[in-house]
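Residue-level structural notes
Listed below, chain by chain, are the residues.
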Amino acid sequence: MEDIEFFDICEKEQTAATPFLEQEKDDDDSITDQFWNVANQPNGKGHKIGEKSEEENKIRSKDASEGVGEDSDSSGEIQERHMNNGNNNNNKTMKYADRVQILNLRRNLNQLDNIAKEKDLIIEKAREELSACQLRIEMLTKERECTETKIEEEKEAGNTAAIFRLQAMHRRLCAELGNEKDLESKIALMLKENVYEMWQIEIEQGKFGSLRERLEQDEEELERQCKERAEQRIQKEKTAAQLAERKQQVGKKKEMEAWEAYERRHQKVVEDAHRNHEKAVQFLKKSMSRIRQKEAKEELKTQEHMEKRMQAVLSLKNNITSNRETLRTLQVRDKAKALEAKKQEMKMRGAILAEGGNVTKEIFLHKQRVELERQKQEFTEQQKSRKIEIVARILQEEACVEKQKKHQARAEALRSQGKLPDSLKWRIKTWQYIENACEDPARAVLQKSWCTPSACSLVDDKSSSVVDFSEKALQDTIRENDDEEANETLVEPEFTGLWSQECNLYKMPKDETDPKPLGASKMERKIFTENLEKLRSGIIHKQVVSGHEFKGCPFYSKPSLIHFKDFDVGKTYKKKIILINASYSVNFCKLVGVSEHLKDFINIHFDPPGQMSAGMSCEVVVTFKPMINEVLEGKVTFLAQNGSFSIPLQCTIKRCVLALDKELIDFGTHVVGETISRTIILTNRGALGTRFKLQTSAGDNGTCTTAKSSLERMVSPALDGITSEEKASSSPVESSLYENKEQVSPVKTEEVRQTYMLGESQKTENNLGSSHVEQLSQDALITKADLEAENAQSPAESPPEEEPIEITLGKVTEGEIGPFSSIKLQIIFTPSVPGDVHAEFEITFDNPNCKPLHFSVIGVSVDVPVWVPNLNVDLKICMYDRLYQDCIIIRSRAKAALRLKFEVCKELSNHMELLPKTGYIQAQSSFSVQLKFLPRHSLPEDAGKYFDTETRVLEVPMTIMIADKTKPIEFIVHAIVTTSDLEISPAEVNFGYCTIYEAVQTTITLTNKSILPQEFGFVGLPEFVDIQPSDGFGTLLPLESLNLDIIFKANKAKEYSFELTCKSEINRQFKLSCKAVGVHPPLELSHSLVKFAATALNDVSTATLYVINAHVSLNRFTHAVPRIGKGEIAPVGPTSFEFLVPEDSPVTIMPSVGTVLPGKKCLIQVYFRPVLSEQLIREEAVQMLCREDAQRTMLKKIHESEMQKRKDETVAGKKDGKKPSFAAFRQPLRVRSSKHAAASSGFEPPKPEEIKTNSEEYIAAQYSLIRNFTGKFERYIIPCFVASGDIDEKIGSENLKYSPYNTLYLELHCPAVAPSVVVTSNNGKNIVNFGEVAVGHRIIKRITIQNISQEQLALGFSILNPNGPFLLVSPVGTLEPGENQFLFISFCPNESKLFFETLDIRSIKATLTLSIIGHGVAPSIACSVEGEVLDMGYVIAKEKVTSTFKIQNTSTLPLRYSIKLESLSQTRDKEQQRLPFFITSPPGRTDFVGTQNYSGLSVFNIFPVEGVIEPGKSQDFTVTFSPDHESLYYSDCLKVVLFGKEIAREIWLKGAARNHMMFVEGGDPLDVPLESLARTSPMSEEAAKGELEEPEKSLLLSLEYIQAETSGTPAVRELKIGAIRTAQFASKKNVEFSLDSLPVLQQKGFTIEPVKGTVDRGQIKCISVSWVPPADFDPDHPLMVAAVLTLKGDIKESYKVLFIARVVCT
């Protein structure tokens, strides 16, 4: 084996060295001058050498496998070949093949030397082991001798216990000594073999001695040649370097020339650039001058425009002022009118009361008359305005017609001048459309904003005439519209464009005067809604993916709310939202629309994206253009494939959202005379600004003293009117009138408020239109005098002087707060008198929608020189044995330094300390004291009343003593003291016995006893322990308990004892003691966890694993051995296992019991077949019965109530005199009877155990559960018990010994799902049972399958046995959801046995397995006819005779039979065309059909012809023989055919017919059994009467005498004479016969008995003829004798009987 390895290594190294040798060969070939010739020759040689080397390697490997001796021969051959090559190559340069051979030889010799060294090392080790073994043997021998001596001594002493101990030691020493001797023999044998191999290697080395010397010479020669090649290469490199240097010099020269040319070109380019730059500068100066002139002109225009704007603003202000004055006048007038009307109404009421009339009625009639007159007046004015409008439209249409004519004339003129370009034609058509569209003034106004810019953009040289025409047309239209608007509006802007023109679009009187309704009628809306629902029901589809129906919103929107916040009227806002497909699959999205009341303001831009996959998104742009200043809410509705969804939309106006950052300002404790200020922040989070005013609350006068300027007093009441009028105006005219109210204040404040008024007027211009002038309150009618009087009384009265004011306001007490801004308000506290101070303040706003805000201010003033700013020092939560520090600031208001002494109560002196204990505080400065708190566990006992044990709150009073002061300063230190303990429960964990192939888990509880959260972590875990979750790290909340799983996995068989350390964040350690015993079982499982795929009900999933027995040695030092802890090692040998599968589980393990030999493994297959339990099916069946009964009871109650109602109606009809119908009487009777039956037979649900498995209720419940099955996941842990020994060797009930600690566990994850395809036929069973079918017969069964999933399924089928009896006739390709399909399976058995196959119907989700069972049965029958011939006997012609036979069904299946006659066969005509059988001379007769009736009717009739014979039953058959003429050869073949195919039995029917009552039967046939085709005419009756004797007939009777050696056997034959039983020939009751020539026959050796006699009707008599050859008989010549047989019946017949006799020798 080592030699084989040696040569294999040589071959590998030779292969690895080939590329380097080829490279060297190529280098050698490149040196020579003749490159091509030399390159071709070595390649050819190398190829041959390679072939030789391969052959040598093969021979070498073969020799190595045979032995070392043959290796020496091959090595000798190589040596000789090398010597010859060396002699030939002494004077030559070594070729490539020679160098390869040298290298191979060197490597082979090196490998041989290495093998020798390794073998030498092995021998040395073996000798050392042998010496050590011998030394151990000597020691054990000495110990044994010593033990024997001690045993003798103890025997003499009589110490039995010591004797037994020493004997056990002696046995152990003997066993060890025996083992050591065996080991010694093995080591000696191994050493001998290694020495022998070493000798062989040395012999090999000696053979290669001369080869080594020659190899060294060759290596020296090779080295010399390498040096020569190196020198040649160096010379060649030098030559190449010189050539390269020359090339480099030439290249440098060319590069210099190119650089000079580049410099010249560059200089030229630079000069050209300078010249071009000078020219460009000149042009640039000219361009810049033109640009500056243009900018100056534009600036001048801008200034002019700004001046115009300013003038417009000033004029607008004046207009507003005048309008407000006018509005106030109108309001006063309206108020006066209202008062006057009220007075008149009171007068009228008094007059009516004086007259005694109805006041309410008269006033109501009066108001109706006034209203009617007003309506008439309005209608008259409306008719007039309509007439004016119609006339204006007619005039406008005439003007438009004239313009069109002019335009057409100009267009024709342009066409005559030349053809216009296409773009110009389109522009002309566009302007025509615009002119046609601008017929009425409203459309002209609408199009003004976009038509004018287009006219400006159409300025072109080629189309100047068209542009001029369009501009003129537009200008005319604009002028006409401006004139109409000037007549309609009261206020007209001074400059066009200053006011928004779009606001008039929504204030046109056309909408108010249009008589057409804005919306459709209620009927139309109802029809539209119904059609829309029908359309949606057709569009919306349920979305079902993987059996789950999607429910919810199909699309998510980002953002979820479309919110237009703080909008301005007239502006346009856009928001982009993203719709994301959140459904399960592809979906569509269609825009339905927005809410009805938002259609005028909201525009949706949405391009339908088409099909969208799940998770894809699309964009929707929502454009909002507000026209009214109101809050709008609605939604945007979309339609998806599986339903509609909507996105809420909200538009909010600008409003004020005001809030204070605090509601209480606590100044704390301050010394009298200090001034402290605090700030409170007023924040406006809304988009609308307002004015505020800060003042004291009512009833709290005297706490706030502020001075208000006259300017602020004038601004605030004037602004009150603006906010109250924002919602009161209904038109621009009214808004301008109401805005005039702002000018009530004096002129001094006008400049201050100008900016505010201008902004407010612009903001509220479009918002004033929601209410009428009548809705204004009387508070708005304020004159200048009232305002001045109010302003004079507005300042708060100053408090009395004797009451000091300690809390005052800052400079800012009122003003304006803008949108999204905040203002800081200052509160000043100046304590003057010791005591508590409290004040309430109120902030009011001009905006009536903003409620006033209130806040309180408190403070305490003291007269103490030293104080502590923080009287409550809160140390928060503290832990025991932890140091906590805090700094306490002490302040002094004294004018001199003070000495302070700090004291801690005695109870807490060991836990708390103030440092320093004594100190001096300087005048009007501060002093800091260090507080140290170190709580110890004795704190609850030491603190006493200062510590609450339940709440664990510590409140410690601290005292500061001031020198020369009797009143100390006290402050309190608060702390909550808690522990830092972590509790581990239980304190000790015992994992028990754990195998190395599994992990044991136990749960511990870690509790945080502290009220602070603590971080923890288990550190320093051993490698066989794992803690979850989070690897044993985490955070415990206060007083929280956390369950941790400790997972222990033994890595070897031993006893474990260890501690787990849990550390907290403060480095506290908590120990947990653990114990366990590691177990190494004798067997192992290849997989301990099996995860089955999702398996449908009644389907099967299979998993494969192995039970492995890896225990092959007891040596525990070389590998791990199976044992329990440190117990005994399991024996090596067959090991048995047993899987214990729980009952009623869907898991099957095959095989569950077995034995595994050492080093082997056993295949285990695990089957998972989920099924519904019988108990569950029975319970469901009971529930279904209860539900059905409940439904029946409900229907009965409904029916009874209806009948009772009809009965009551009938009774009521009788009372009314109506005659009730017959049905009214009949139905209550039926109801009463059914009611009585229901009452008598109460339903009692059966028990689940009473439901049978083959009942309809059971099958229906099973089908319902399968359809409604939602899936189930089960987890099983199967134990596998292991025992040493072979289970097959145990007999009877003897059990193997096993340890429960060696148990293996197999975990199974079994998910079950609902099947996608179920069988609906055969009561839902998956078994197709064909039952018993006759062999060769085919039966087809139909199976119905249904897809109960929500997806289309593509089906596949497994392949049935092509040589088997089952065949799938019609496979199904696809199944739609809920679809039923038929499968046709045929069964045609070819032999008698039981057949079973499975057909798998595969889908993408599950597999449905159909079990197909069939039993092929060979049909067998038993016939009562013995033999194959049924002889009907003789009968009188034209008479009938019957015979019966019986056929019994001896098989186990019903037999369908049919009886067929050969004479009635369809192939009978073809068979008659053949030659008769007596001519063709076949070996046996095959034609069973003989003579037939002349009438064409069948001679033989059988009944019944077909039918079915049940198993074990029999059927009687009647055969009728009815010949119509005389013949002896009536015959036919009866065939019993089963199932229309198989011929089970053939019976030869035979019969004869005579015209007379006698017949003779027997003898040899003298004619053929066929009649002539020519029909002979029967004899006439007269001839028959006249001639009573038939002509003589002949009979041949041949006899053979068998001659044996000693004696012979007489020849015997018989003749039968019979009389036919018939009703004819009544005169003759019997037949007489007689035979003459008896003496002659006796002389010839014949003996005949009887010679004569009579035969009764229906009887047969036999005449026996025997022959013994006489003495003078010549055997060579047969004997022939004739005699006459006479019969007398109805006629006389004579038969000439010819006897022929001969002798036959055996």
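Description of the structure in this document. (Residues numbered from 1 in each chain as written. Predicted model: local features only at pLDDT ≥ 70, side-chain atom pairs only at ≥ 80, totals over all residues. Heavy atoms only, no water.)

Observations regarding the sheet that holds strand S11 (residues 658-660)
Reading across from one edge, S11-S13-S17-S15 is the order of the 4 strands in this open sheet, with antiparallel pairing throughout. Each of the sheet's edge strands pairs with one partner strand only, and the pair in question is S11 and strand S15 (807-809). Between one strand and the next, the sheet's axes are offset by a mean angle of 25°, whatever the strand orientation. When S15 meets strand S17 (residues 821-829), the two strands line up antiparallel, connected through 3 bridges. (Pairing = 2+ DSSP bridges. Helix = DSSP H or I, 4+ residues; strand = E, 2+ residues; numbered from the N terminus. Axes fitted to C-alpha atoms, helices over the stretch in contact; angles between N-to-C directions.)

Focus: the pattern of salt bridges
Applying the stated criterion to the full structure yields 34 salt bridges. Linked by salt bridges that have partners in common, Glu-221, Arg-224 and Glu-228 make up one network. (Salt bridge = Lys/Arg side-chain N within 4 Å of Asp/Glu carboxyl O.)

Let's talk about the packing of helix H4 (residues 96-157) against helix H6 (residues 209-355)
Two elements in contact, H4 and H6, have axes separated by 10 Å at closest approach and are oriented at 135°. The orientation of H4 with respect to H6, classified from their angle, is oblique. The crossing of H4 and H6 is left-handed. Along its contact with H4, which presents Arg-99, Ile-102, Leu-105, Arg-106, Leu-109 and Asp-113, the element H6 presents Leu-211, Arg-212, Leu-215, Glu-216, Asp-218, Glu-219, Leu-222 and Arg-229. Here the residues of the contact of H4 with H6 sort into 6 nonpolar, no polar and 8 charged. (Parallel < 35°, antiparallel > 145°, perpendicular 65-115°, else oblique. Left-handed = near helix turned anticlockwise from the far one by under 90°. Contact = heavy atoms within 4.5 Å. Nonpolar A, V, L, I, M, F, W, Y, C, P; charged D, E, K, R; others polar.)

A look at the sheet that holds strand S32 (residues 1000-1008)
Taken together, the 4 strands give an open sheet; going across it, the order is S30-S32-S36-S34, and neighbouring strands pair in antiparallel fashion. The open sheet is flanked by strand S30 (982-985) and strand S34 (1025-1028), the only strands paired with a single partner. The average angle at which neighbouring strand axes cross in this sheet is 30°, direction not considered. Across 4 bridges, S30 lies against S32 in antiparallel orientation. Of the residues in S32, the one forming a bridge with Ile-984 is Leu-1006.

Let's talk about the packing of aromatic side chains
Ring pairs (aromatic) are described by centroid distance and by the angle formed between their planes. Tallying each qualifying case throughout the model produces 32 aromatic pairs. Relative to Phe-645, the ring of Phe-638 lies with its centre 5.5 Å away and its plane at 15°, an arrangement referred to as stacked. What makes Phe-638 buried here is its relative accessible area of 0%. Between Phe-902 and Phe-927, the ring centres sit 6.0 Å apart and the planes meet at 5°, which makes this aromatic pair stacked. Highlighted residues: Phe-902 in strand S23 (residues 898-904) and Phe-927 in strand S26 (residues 926-933), separated in sequence by 25 residues. For the pair Phe-902 and Phe-927, one class covers both residues: buried. Its guanidinium or amino end placed over the ring of Tyr-1106, Lys-1161 lies 4.4 Å from that ring's centre, counting from NZ or CZ. Looking at Arg-1342, its charged tip hangs above the ring of Phe-1382, at a distance of 4.3 Å from the centre. (Phe/Tyr/Trp six-rings, centres within 6.5 Å; stacked < 30°, edge-to-face > 60°. Buried < 20%, exposed > 50% of the residue type's maximum accessible area, 1.4 Å probe, protein only. Lys NZ or Arg CZ within 6 Å of the ring centre and 35° of its normal.)

Remarks on the nonpolar core
Core analysis: the largest hydrophobic core is formed by 40 residues, its most contacted members being Phe-1137, Phe-1139, Ile-1164, Val-1166, Leu-1306 and Leu-1308. Of all the elements in the fold, those that place two or more residues in this core are strand S42 (1101-1108), strand S44 (1135-1139), strand S45 (1147-1150), strand S47 (1161-1168), helix H18 (1174-1216), helix H20 (1256-1267), strand S48 (1272-1284) and strand S49 (1304-1313). Leaving out residues up to four positions away in the same chain, Leu-1306 has contacts with Leu-1085, His-1087, Ser-1088, Leu-1089, Val-1090, Leu-1105, Phe-1139, Ile-1149, Val-1166, Tyr-1276, Ile-1277 and Ile-1278. Formed by 35 residues, the second largest nonpolar core is a distinct cluster that contains Val-873, Ile-890, Leu-900 and Leu-939. (Core = buried A, V, L, I, M, F, W, Y, C linked by side-chain atoms within 4.5 Å.)

As for a negative patch on the surface
A surface patch of like charges, here negative, comprises Asp-120, Glu-124, Glu-128, Glu-129 and Glu-202. Ranked by residues supplied to the negative patch, first place goes to H4 with 4 residues. Take Glu-129: its relative accessible area is 42%, and that puts it in the partly exposed class. (Patch = residues over 30% accessible without salt bridge, like charges linked within 9 Å, V, L, I, M, F, W, Y side chains within 5 Å. Areas by Shrake-Rupley, 256 points an atom, 1.4 Å probe, with all protein chains shown as cover. Lys, Arg positive; Asp, Glu negative; His and termini not counted. Charge placed at Lys NZ, Arg CZ, Asp CG, Glu CD.)

Quick word on the pairing of S42
Residues Ser-1101, Ala-1103, Leu-1105 and Val-1107 of S42 are buried on one face, while the alternating residues Thr-1102, Thr-1104, Tyr-1106 and Ile-1108, pointing to the opposite face, are not. Relative to S42, strand S39 (residues 1084-1085) runs antiparallel, the two sharing 2 bridges. Across the sheet, the residue bridging to Leu-1085 is Val-1107, located in S42.

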